[in-house]
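Architecture and fold: a report
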Amino acid sequence: MARNLATFFHVEATKHPQSLALTYCQDEVSERRITYRELEGEASEVARILCEGDTQGKQTEMLSLTSLKQRTQSKEVFNGKQSVVCEGLVSQGVEDQTTVIGILCSSGPEAVACILGILEKNAYLYIAPECTKRELTSLLLRVCPRKILVEEKYMKYFNEIFSDVVGSFDIFETHFKLVSLNSEKESAFKGMQVMKELAYVIPTSGSTGVPKYVYVPHRCIMPNVVDLVAMFGVGPEDCIFCAAPLTFDPSVVDLFMAFKAGAKLLMVSPQLLKIPSLLLPIMVRNKMTILQATPTLMLSFGRERLQKIFADNSHLKVLALGGEIFPKLSLIKQWLKKTCKVRIFNLYGITEVSCWASAAEVTVEEPLASSKQITTDNVKIPSSSDEQLNTLECMCTDMTPVGKALSSTIIKVLSEKGEEVGEGREGEIYIGGSERICWVDDGSVVFNDKEDSDVKTRQIQSILRPTGDRGILKNGKIYCLGRLDRQVKRSGQKVSLAEIERLCKSYTYVDACHVVLDNKDKIIAFVFSHLQEISEEVVWKDLKRNLSEWKLPDNVIVVKEVPFNKHGKVDIDQLLSTRPQSSTVNYNNFNHQSLEIFYKDLWKRIGKSKNINPRDNFIKCGGNSLNAVQFTEELGIFLGCEIPNLLDVLLNGTFLETYQLVRKYHHSRKSIDNIDNSHSETRKKIKSEYSDSQSSQDIRVKDDKESYRLYNDIPTSHSQGITQKYYSLDKEDRVPRYNSTSLTVVSRRGVNNRGTSPPKYTTVPYSVNLEWKYNLGKCIDSTPVVVEYNSAEAFVCVGSHSHKFACIDVITGTERWCVVLGGRIESSPSISRDGGYVYVGCYDGCLYCTCVEDGCIAWKFETGGEVKSSPVVDEETGCVIFGSHDKRLYCLTADGELEWSVKVSDGSIFSSPCISGDSVYVATLDGIISGVNKTTGSINWRLSVNKPVFSSLALYSKGIIFGNVIGEIFSYSSSGLRLWKFETKGNVFSSPFVLQLDNGVEVVGVGCHDHSVYFLNAVGEKIAQYSGSSPIYATPFLFSLDDQKAFRAVICETSGKFSIIHINLHGAVDTDTPVSSVTTVSEAHVETVLESKVNGELFASPILFRNRLYIGCRDDFIYSFNLLS
């Protein structure tokens, strides 16, 4: 076996220096990829820095032998028995002892390099940057690390604690300081054998509330790594996701499983780990094969995302769950398909015995013996042996045993007398072994089998530690039933109720405190104070300052009296009954202001945010998944009902989006209950002005000038925006040479010819050749636009999440210019009427006007929200019109002056508007569709389709076409009358593409998340359907042929696959009466003539021009393919 953990890494780094060792994602788009050679180089630098520091002088002091003997021979009483720590732990010298080195830095490549460098000759202690000053001080005084590697940005928080800076260095270009502590205090274990072979020190929380520090030797953790590598079949081709923080010992197993097998380790920032919607794409993109996680993390994904994780085409091959009680088998079965090949394991162990002690591979193929749901909390074990076994049979049916012990490990269930329990009996689970001995500095009592006659395995000299878990023996297998002590687990982290009590009692204004777990597993802190002015907010403020967020109670209640029972002890039941009772809202006294105040206060209290911005995300403001659950539950209690999808919106949306959902649901409940509230005069007045025979759901909304304003910093009125001009467009020397009367612009809406004839496509492409690709640094979700001047020079313009906006020669792929704007770019660009300028929206809230010739910014116009809507240019006036997330539609002149702006509804504008005649048509994320006067900005009509509209509106001969998020495709006339509706089988984010064939027949193509593209005629009838293999977000690009009864389409799927299909409408289209269009839908024939794939996800729409295909991809590249026939 290797000498230590670091040896695992160095062996593989020598074998595969160029292989990927680590991928780190700081956010949802950026990735850092580190090879084994690069990581080994940085680790060697850390080792060199520490070695140089040691040469400056080292004081080696020998502890008194008498003192050591007193420490190691001190006897403790445990259940009437004495336990002795073995004298053999004492070392006769300390000259070859390991030194503990602290690491205080962000998780990621820097932390991993520090760990590897320290492990060359020392042991590491990782300190989480988010720990409080109190926790840091306590940790340093107990463990006494000799030196600490501190990332420079964290120095300012701990200057009073640290003393001398003895060195500076860089790791992966991040600045670090080497700090020496100014303390004469020594570790409690100095001079003992443990310090010779120590690998790391890791903190945990004991049941007494006093933190424990576990000293783990290499020989104790290394068998853990070796066993699991073999059990999981880990190889160099694998990608292991590190779900555990570096302060949680499963992270050690993740790191060194990967490094022992030469596999890739995937890590993400703590913030990303809390947002399932962002985490899942990262896992998929990096082809994760092995996931070790807590059940809570898996449940946070939700059923829909779990189905993707366990899909047939998933790369995942092993899921190992540990740190908490394994989920019910019936729940696991809901995650898996019959064809799923993922192996699932239950891992069990404790930090005090170096992570995992046992493992069980879970099989869920067999039907459950009983569908009855039984929990251990409400089952009383009968006195009768037969009844007891029957009850246990039911209990264990839906449970998973802890599994077989790993190498050098013993696992037992012992009674209070220290005896092994028999079949069907309960006791406490003990784990340990002669090679699994860790040292815990709190003086915790351990069993020594050699000295206890009641333990039958005296031949094996081993030390067993109590886990604090209640276990039961059934059919020779051990099942874990929950905690015995006052500890609870959250996402694998232990929380001590006693520690919270002790901290509260330390506050001068607190007379007493009792922390309990209620029947919903919520931690409630009851604080008793005689001071009238003390409130829950005061206690919250102090707790947040002194406890990590995962240790905070769910609720704090200040009470003035302490209830006692007949024994003189605190009456827990009576104490819990003093809590404010949950009640439904009295709608007669309920108004916007009370909901606003409650929502804002709840966000501040649970989300830990002092100042609120409408675009804040709950997780990014400091909340976590546990806080989010608490938030939704308390809001549900306040409103008297649960709000569907609230948790998902809270985790992934913004403050304002979450509030809009709550407010909208509240309004709908009031309407159902027919309750006339006191504020009803200020509510939006909605009336139906148009309807048809098919539906009465279309409603026209009266223009609302008294629309509700949530907070002062949310802009609701923009009669005049802000335009910053960088030069005058009227100056002769600034007139671009690409000002042209012969212009072709190709966008996701198709080909717009200004003085030129449209391109013809006459051949069927059957292969593609990559002409060039251009790297924009981050994901490309913006659909490119191609502009051609005088049938000669042509460029493609595209933006990226990297803030870069580039203009590229379409033939050579060379960069004409590239500018960096003020934020992420998802808006698709548009070309000015004269062809000299390009407009694009940006996340910084601005619309930019950039010169095509040299990339100089002519002007930018600032709105009150992100501009994700793609601008459109009015061919008649040259004005540019676009929407913003500040809920307004803007019209600007060609030189950036505001013509008008109008608030369309209470929803943000994501989709792109369209222009026809004297009207502009626009859709919003609260489902409002509106026709706006192009000249004045006044609203002509407004109606609702009830669901958000992400799809951009498209024009055709009869009016407009668009889709809403639930998959309904609508057509409305220019006056707001519904013409038809078509229903798909999935969500629609794709925009319709309208193609007019040479014979006048119009075909509409729209993508759907049900993996399909639907092709409709002008009256909303399906004429063809393409079925792909993954969701389709992008707009398909349709193009016509010489054949009047056939056309083709370019289709991009989110998986990265793109296809060109040929649709033959022979027999399906009546060319003499194209409006009817379809005679027999089944006669339309769909043929795939080309398939290919890029390396990233495709969300941007494809552009085809003159047999060249342009595709923006989430692998950071825009691609140009030549179609070969």
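A quick note: this is a predicted structure, and the numbers were derived from the prediction, not measured.

Across its full length, the protein holds 20 helices and 66 strands. Taken across its 1125 residues, the protein has 57% of its residues classed as buried. Taking the contacts inside the protein whose residues are at least 6 apart along the sequence as the reference set, 61% of them involve residues at least 24 apart. For the protein, the computed accessible surface area is about 46,800 Å², with 47% contributed by carbon and sulfur atoms.

Attention now goes to the sheet that holds strand S35 (residues 767–775). Spatially, the 4 strands line up as an open sheet ordered S35-S66-S65-S64, and their pairing is antiparallel. Both outer strands of the open sheet, S35 and strand S64 (1103–1105), are each paired with one neighbouring strand and no more. Neighbour-to-neighbour, the strand axes of this sheet turn through a mean angle of 20 degrees, independent of strand direction. Judged from the 3 bridges that link them, S64 and strand S65 (residues 1108–1112) form a sheet pairing that is antiparallel. Within S65, the position partnered with Phe1105 by the bridge is Arg1108.

Core analysis: the largest hydrophobic core is formed by 72 residues, its most contacted members being Leu5, Leu39, Leu149, Phe256 and Phe259. Among the elements that line this core, the one with the most residues is helix H7 (residues 250–261), at 8 residues. Those residues in contact with Leu149 that lie beyond four places of it in its chain are Val46, Leu50, Ile101, Gly102, Ile103, Leu104, Cys114, Ile118, Phe169, Phe176, Lys177 and Leu178. Judged by nonpolar contacts, the second largest core, of 54 residues, contains Tyr774, Val810, Phe1037 and Leu1098.

In spatial order, the strands read S52-S53-S54-S55; together these 4 strands make up an open sheet with antiparallel pairing. The outermost strands of the open sheet, each flanked by one partner alone, are strand S52 (954–956) and strand S55 (978–983). Shown here is a sheet whose adjacent strand axes are inclined to one another by a mean of 20 degrees, direction ignored. Of the pairings in the sheet, the one linking strand S54 (residues 968–972) to S55 comprises 5 bridges and is antiparallel in character. In the sheet register, Tyr972 faces S55, and the bridge partner there is Arg978.

Turning our eyes to something else, we now look at the pattern of salt bridges. Counted according to the given criterion, the structure contains 30 salt bridges. Between Glu12 and Lys15 there is a salt bridge, and its shortest N-O distance comes to 3.6 Å. Of this pair, Glu12 and Lys15 both sit in helix H1 (residues 5–15), 3 residues apart, which is roughly one turn of that helix. When its relative accessible area of 7% is taken as the criterion, Glu12 is described as buried. Judged by its relative accessible area of 55%, Lys15 falls in the exposed class.

On to the environment of Glu237. Locating Glu237 in the fold gives a position in the loop between helix H6 (218–232) and strand S12 (239–242). Under the relative-accessibility criterion, Glu237 is labelled exposed at 59%. Considering only alpha carbons, one finds Glu237 and Gly262, 25 residues apart in sequence, at a separation of 8.1 Å.

Turning next to the side chain of Ser951. With respect to the helices and strands, the residue Ser951 is situated in the loop between strand S51 (939–944) and S52. Among the polar contacts listed, one links the side chain of Ser951 to the backbone oxygen of Ser990, at a separation of 3.1 Å. The contacts of Ser951, once residues within four sequence positions are left out, are Ser911, Phe962, Gly963, Phe989, Ser990, Ser991 and Pro992.

Across the 10 residues that make up helix H4 (residues 109–118), a large majority, 10, are buried. Within the span of H4, buried status applies to Pro109, Glu110, Ala111, Val112, Ala113, Cys114, Ile115, Leu116, Gly117 and Ile118.

On to the packing of aromatic side chains, then. Throughout the structure, instances matching the rule amount to 36 aromatic pairs. On the numbers, 5.6 Å between centres and 25 degrees between planes, the contact of Phe9 with Tyr36 is stacked. Remark: Tyr36 occurs in helix H2 (residues 36–54) and Phe9 occurs in helix H1; sequence separation between them is 27 residues. In this structure, Phe9 and Tyr36 share a single accessibility class: buried. Between the aromatic rings of Trp603 and Phe655, the centroid separation amounts to 4.8 Å while the plane-to-plane angle is 85 degrees, which identifies the pairing as edge-to-face. Here Trp603 is found in helix H17 (residues 592–607), whereas its partner Phe655 is found in helix H20 (residues 655–673), with 52 residues between them in sequence. For the pair shown, Trp603 and Phe655 are each scored as buried. Taken together, the ring pairs in this structure connect Tyr599, Trp603, Phe618, Phe631, Phe655 and Tyr659 into an aromatic cluster. The aromatic ring of Phe1117 is capped on one face by Lys773, whose charged end is 4.4 Å from the ring centroid. Stacked on the ring of Phe1099, the Lys or Arg Arg1114 has its end atom at 3.9 Å from the ring centre.

Another aspect to go through is H7. Taking 1.5 Å per residue as the helical rise, H7 with its 12 residues ought to reach 16 Å, and the 17 Å between its terminal C-alpha atoms agrees with that figure. Of all 12 residues in H7, 11 are buried; the element is thus mostly enclosed. Backbone geometry just after H7 places Gly262 at a positive phi near 70 degrees.

Glancing now at the environment of Asp781. Within the element layout of this structure, Asp781 appears in the loop between S35 and strand S36 (785–789). The spatial distance from the C-alpha of Asp781 to the C-alpha of Gly1112 is 6.8 Å, given a sequence separation of 331 residues. In this structure, Asp781 is in contact with His801, Glu826, Phe1099, Ala1100 and Arg1114, ignoring residues within four places of it in sequence. Polar side-chain contacts of Asp781 include one of 3.0 Å to the side chain of His801. Looking at Asp781, its side chain comes within polar contact range of the side chain of Arg1114, at 2.8 Å.

With respect to burial, strand S9 (residues 174–180) is a largely interior element, 5 of its 7 residues being buried. In this structure, strand S7 (residues 147–151) lies alongside S9, joined through 5 bridges in antiparallel fashion. Each residue of the ladder has a partner; that of Ile148, found in S9, is Val179. Bridge analysis of strand S8 (residues 164–171) against S9 gives 7 bridges, and the strand direction is antiparallel.

Once that is clear, we can look at the confidence of the model for the protein. Mean pLDDT for the protein: 78, with 75% of residues reaching 70 or above. Every residue in residues 443–462 scores below 50 in pLDDT, and together they form 46 contacts with partners more than four places removed in sequence or on other chains. Across residues 671–720, where pLDDT falls below 50, the model places 93 contacts with residues more than four positions away in sequence or in other chains.

Cut-off values and rules
Residues numbered from 1 in each chain as written. Predicted model: local features only at pLDDT ≥ 70, side-chain atom pairs only at ≥ 80, totals over all residues. Heavy atoms only, no water. Helix = DSSP H or I, 4+ residues; strand = E, 2+ residues; numbered from the N terminus. Buried < 20%, exposed > 50% of the residue type's maximum accessible area, 1.4 Å probe, protein only. Contact = heavy atoms within 4.5 Å. Areas by Shrake-Rupley, 256 points an atom, 1.4 Å probe, with all protein chains shown as cover. Pairing = 2+ DSSP bridges. Axes fitted to C-alpha atoms, helices over the stretch in contact; angles between N-to-C directions. Core = buried A, V, L, I, M, F, W, Y, C linked by side-chain atoms within 4.5 Å. Salt bridge = Lys/Arg side-chain N within 4 Å of Asp/Glu carboxyl O. Polar contact = N/O pair within 3.5 Å; in protein donor to acceptor, adjacent residues only side chain to side chain. Phe/Tyr/Trp six-rings, centres within 6.5 Å; stacked < 30°, edge-to-face > 60°. Lys NZ or Arg CZ within 6 Å of the ring centre and 35° of its normal. Expected span 1.5 Å × (residues − 1). pLDDT = per-residue confidence, 0-100.

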